[in-house]
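So the chains spell out like this:
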2 protein chains.
Amino acid sequence: MASSVPTKPPTAADVATLAGVSKATATRALGGYGRINEETKRRVLAAANQLGYHPNAAAQTMNTGRSGSLGIVARGITNPVWPVAFQGMVDAARLQGLAVLFAGSGFEVSEERKAIRLLLGKQVDGLIVSAADRRDVEHLQRITAVGTPLVLWERRVPGLDAPVIEADMRQASSELTRRLLDLGHRRIGFVSSLAMPQAAYSIGAELPASIIQDKVEGLFTPFSEAGIAPPVDLVRFPERDRDAIAAAYHSLLDGPNPPTALIASDSQIAETMLDVVRSRGLRIPGEVSLAMYDDLSWARLVDPPLTVIAQPDYDMGKCAAELAMNPAGASTLPSFSARLILRGSVGRAQD
Amino acid sequence: MASSVPTKPPTAADVATLAGVSKATATRALGGYGRINEETKRRVLAAANQLGYHPNAAAQTMNTGRSGSLGIVARGITNPVWPVAFQGMVDAARLQGLAVLFAGSGFEVSEERKAIRLLLGKQVDGLIVSAADRRDVEHLQRITAVGTPLVLWERRVPGLDAPVIEADMRQASSELTRRLLDLGHRRIGFVSSLAMPQAAYSIGAELPASIIQDKVEGLFTPFSEAGIAPPVDLVRFPERDRDAIAAAYHSLLDGPNPPTALIASDSQIAETMLDVVRSRGLRIPGEVSLAMYDDLSWARLVDPPLTVIAQPDYDMGKCAAELAMNPAGASTLPSFSARLILRGSVGRAQD
C-alpha cells in the first residue's frame with residue numbers, strides 16, 4: 001500500500017549515505033563519468049535503485065544544455081492518421097531514451113508561436129513542427145537561428161532551411177486522375193478544409209498548405225497533359241466544420257454541370273462526403289465515383305469500399321524524429337511515396 | 001531567409017545589455033519577482049522580445065522544483081479514441097501554460113516503468129498514467145510516495161491512493177444485454193485482446209484491466225438477474241493481433257452452440273469482427289447482431305450502422321489533466337457515464 005504522506009524525492013546525497021560513499025563518488029557513479037571502482041559503482045547503483053532515485057533532469061540540462069527530449073508541435077491531432085505518425089515519432093524517441101514534449105497548435109499561428117516558445121524554453125534537443133500556415137513563419141526561422149534542429153512535417157515552408165518529411169502526393173494524385181479520365185470522368189470535384197470558402201481556385205495559386213497544393217495540382221496535371229481543361233470550378237476550400245463541408249459538396253452537386261467523381265482531401269472530410277452522397281440517394285459508383293486521401297481501416301468496411309491514396313505515416317513519423325534528434329545522421333533526405341489503392345467506389349462515369 | 005550558421009540562444013545577460021540594465025535587474029524583470037520599476041520592466045521585456053529570449057526552463061526548474069509540464073504515460077496511442085482524450089489533456093495543459101511530456105509504454109510494464117522514471121526525472125508537475133497491468137504497480141506507488149500528483153486513466157489499481165478517470169461501463173453494458181435479452185438473444189460472444197488466449201473466463205475473475213472486467217461483468221449481470229446462466233464460454237481474450245482476433249471470432253462461430261450476438265471491446269477489434277462475419281456471409285442483424293465499444297464515426301457509415309457504447313473521451317481527458325495539474329482543486333471526483341447508442345446492427349435473434 002502506498003503511504004499517503006508524500007516524502008521528498010531521494011537525492012544523490014541520500015544515495016551516497018546509503019551506499020556509504022562520499023557524495024562526489026556517488027555523483028560520479030550515477031553520472032557514469034570519472035574514474036571509479038567497479039564494486040563501488042555497483043553499490044551506488046544498487047542504493048539508487050533501492051531508494052528510487054531519479055537523476056534530476058533539470059540539473060543535467062543545466063550541465064549539458066540538452067534536455068533529453070524531442071519537441072513536437074502539431075496543428076491538429078484528432079485526424080485519425082496522426083496517432084500512427086505520432087507513434088512512429090514516440091517509438092524513435094524511446095529508442096534514443098528521449099522523452100517527447102508535445103504541444104498542440106490547434107491550427108492557429110498564434111498558438112503555434114506560443115507552443116514553440118514553450119518547447120524551446122525547455123531546451124528540446126530537436127523539434128518537429130507541422131506548421132499552421134506557411135505564410136507566417138518568422139517564429140520558425142528563429143528555431144533554426146538558435147541552432148535547434150528543426151524538421152517540418154508534411155508542409156514545406158518557403159525560405160526555411162529545414163528538411164521536410166512528406167510523401168509525394170503529386171504522383172499518386174495524377175495516377176488517380178488518369179484512372180478517372182480512362183473511365184470517362186471529366187468533372188472531378190475536390191474538397192479540402194482550408195477555411196477559404198470564397199476563394200476561386202486557379203492552378204498555381206499559392207495555398208496555405210503545400211500538401212493540399214500538391215494534391216490539387218497532382219489531380220489536375222493529367223487534364224492538361226490530355227489537352228482537357230481541368231475542372232478548376234469544382235475545387236472547394238470550406239471551413240473545418242462538418243456543416244461547411246457538407247454545404248461545399250451540396251454546392252458542387254447542385255451546380256449546372258455537376259461532378260461525376262468526388263475526392264476528399266482527408267478521411268474526416270470523406271465521412272461528410274459519404275453522408276452527403278447517401279443523403280441524396282446517389283448510387284456509388286453508378287452515379288458518382290468517390291475517393292479519399294488516407295487509408296483508414298474503415299475505408300474497406302463501407303459499401304462499396306473506398307478508393308484511397310495511402311502514405312506510410314508510421315515510417316514517416318519515425319524518420320522525422322530520427323532526423324530531428326540526429327540531423328547530421330542523414331546524408332540524403334529519404335523520399336516517401338503515396339500509393340493509389342483502387343476499390344469499388346470508383347467506376348465508369350455515367351453517360 | 002534564415003541564416004544557416006546557428007547562433008547561440010540569447011541569455012538574460014544579452015537582454016540586460018540591450019535594455020541597458022544590470023543582469024540582476026533583468027533577471028528580476030524576466031522572472032516577474034522582486035521590486036522593479038514599471039518602465040524598466042517594460043524595457044527589459046521589449047529587449048527580450050526583440051532578441052527572441054526564451055527563459056531557461058532548466059534554471060527555472062532548479063529554482064522552483066516545478067518544470068511546468070504535465071506527464072502522460074499511455075499504453076497504446078493508435079486506438080482511434082485515444083487522440084480525442086489526448087486532445088482534451090493537451091487543451092487543459094495549454095490553458096495552464098504547461099507543456100505535455102508524453103511517453104508511450106506499448107502495453108509493456110517494463111516500458112511503463114522506464115517511461116515513468118524518465119518523466120519523474122524531468123520533474124513533471126503531475127502525471128496521468130494508463131497502466132499496462134494492474135497486478136504490477138510498485139513503480140506507480142513510488143509516484144505518489146514522492147508526492148507527484150498521479151491520475152489513473154481508465155484503469156483502477158488496487159491499493160493505490162490515486163483518482164481514476166473512467167466512464168461507468170457496467171451500466172451501459174447491462175443496458176445492451178437487457179436489450180439483447182428482450183430480442184431473444186441468449187448466446188452473446190465477447191472478445192477483448194487481453195493476451196490471455198488460454199484463459200477460461202469465470203465471473204468475478206480478476207482481469208489485468210478493470211475496464212474490461214467492468215464490461216464483461218456488466219454484460220453478464222442481466223443474465224443472472226433474469227435467472228439465466230450467463231454464456232461465460234463465449235468470452236475470448238486473444239493476443240492484440242488481427243489474426244488472433246479473427247481466430248477468436250471464428251472459434252466462437254464454429255462452436256457447438258454459437259452466439260447470436262457478438263460484441264467487440266473496442267473499435268479495432270470490431271473491424272476484425274466485421275471482416276469475419278462478412279467473410280462467413282452472415283446477414284447482420286438477421287443471422288448475427290453486432291455491437292462495439294467506442295463510437296467511432298465510421299460506425300454510422302457501415303451497412304447496417306453499428307450499435308455502440310460511447311463515452312465522453314474529450315471531457316474525460318480534460319478532467320484527468322486538470323486533476324493531475326491541480327489535485328487540490330477537485331473536492332469530488334466527477335463521474336462519467338457511458339451511453340448505449342442502438343443502431344441497425346442489433347436485431348431479433350434467429351429462432
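Scroll up a little and you will see the structure.
Residues numbered from 1 in each chain as written. Chains lettered and ligands numbered in written order. Predicted model: local features only at pLDDT ≥ 70, side-chain atom pairs only at ≥ 80, totals over all residues. Heavy atoms only, no water.

Observations regarding the overall build of chain A
For the record, the criterion: Strands are runs of DSSP state E lasting at least 2 residues, helices are runs of H or I lasting at least 4, and numbering of each runs from the N terminus. Remark: exposure states derive from per-residue accessible area (1.4 Å probe, protein chains only) relative to the maximum for the residue type, with buried under 20%, exposed over 50%, and partly exposed in between. Working rule for contacts: check all heavy atoms of both residues, and any pair within 4.5 Å makes them a contact. Each accessible area is a Shrake-Rupley estimate made with a 1.4 Å probe; only the visible protein chains count as cover when residues are assessed.
Helix and strand counts for chain A come out as 12 helices and 13 strands. Taking all 351 residues of chain A together, the buried fraction comes to 55%. Taking all contacts inside chain A whose residues are at least 6 apart in sequence as the whole, residues at least 24 apart take part in 68%. Approximately 14900 Å² of chain A is accessible, and the part contributed by carbon and sulfur atoms is 49%.

Side note on helix α3 (residues 38–51) of chain B
Residues and elements named next belong to chain B. Quick reminder of the rule: In this scheme, a helix's expected span is set at 1.5 Å multiplied by one less than its residue total. Directions drawn from the helix axis to the C-beta atoms are what define this arc.
For α3, spanning 14 residues, the distance from its first C-alpha to its last is 20 Å, which sits close to the expected 20 Å at 1.5 Å a residue. Taken residue by residue, α3 has Thr40, Val44, Ala47 and Ala48 as its buried positions. For α3, the buried positions fall inside an angular range of 100° around the axis, keeping them on one side. Along α3, the residues that are exposed and aim more than 90 degrees away from the buried face are Glu38, Asn49 and Gln50.

Focus on unusual backbone geometry
That bond from isoleucine 284 of chain B to proline 285 of chain B is cis: its omega, 0°, falls within 30 degrees of zero. By the element assignment, proline 285 of chain B lies in the loop between α11 (267–279) and β10 (289–293). The step from aspartate 303 of chain B to proline 304 of chain B runs through a cis peptide bond, and the omega angle for that step is -5°. Considering the arrangement of structural elements, one finds proline 304 of chain B in the loop between β10 and β11 (307–310). Even without being a glycine, alanine 195 of chain A presents a positive backbone phi close to 55°. Among the structural elements, alanine 195 of chain A can be located in the loop between β7 (188–191) and α9 (210–225). By relative accessible area, alanine 195 of chain A is classed as partly exposed at 40%.

Observations concerning the sheet that holds β10 of chain B
The strands that make up a sheet are held in pairs by hydrogen bonds between backbone atoms, and each pair lies either parallel or antiparallel. Residue and element names in this part refer to chain B. Under the convention used in this document: Pairs of strands are assigned from DSSP output, requiring at least two bridges between the strands. The axes used here are C-alpha line fits, helices contributing only the stretch in contact, and every angle between their N-to-C directions lies in the interval 0 to 180 degrees.
Here 6 strands make up an open sheet; going across it, the order is β8-β7-β9-β10-β11-β13 and the pairing mixed. At either margin of the open sheet sits one strand with a lone partner, and together these are β8 (235–236) and β13 (339–341). The sheet contact formed by β10 and β11 spans 3 bridges and is parallel. Following the sheet pairing, methionine 292 is matched in β11 by valine 308. Across the sheet, helix α8 (residues 169–182) lies against β7 (188–191), β9 (261–264), β10, β11 and β13, angled at about 160° from β11, the strand it touches most. Together, β7, β8, β9 and β10 form the strand contacts of helix α9 (residues 210–225), whose direction differs from that of β7 by roughly 175°.

A closer look at the pairing of strand β3 (residues 126–129) of chain B
All names here are of chain B. Quick note on the threshold: For a crossover, the right-handed case is the one in which the path from the first strand over the helix to the second runs clockwise, viewed with the strands pointing away from the viewer.
Residues Gly126 and Ile128 of β3 are buried on one face, and the alternating residues Leu127 and Val129, pointing to the opposite face, are buried as well. Taken together, the 3 bridges between β3 and strand β4 (residues 150–153) define a ladder with parallel strand orientation. Looking at β4, one finds that valine 129 is bridged to leucine 152. Read from β3 through helix α7 (residues 138–145) to β4, the crossover connection turns out right-handed.

Here's the deal with the pairing of strand β1 (residues 69–74) of chain A
All names here are of chain A. Of all 6 residues that make up β1, 6 are buried, and the element is covered over most of its length. Sheet analysis places β1 next to strand β2 (residues 99–104), joined by 6 bridges and oriented parallel. The residue bridging valine 73 from the neighbouring strand is alanine 103, located in β2. Of the crossover connections in this fold, the one passing from β1 over helix α5 (residues 82–95) to the parallel β2 is right-handed. Of the pairings in the sheet, the one linking β1 to strand β3 (residues 126–129) comprises 4 bridges and is parallel in character. Bridge assignment links isoleucine 72 to a residue of β3, and that residue is isoleucine 128.

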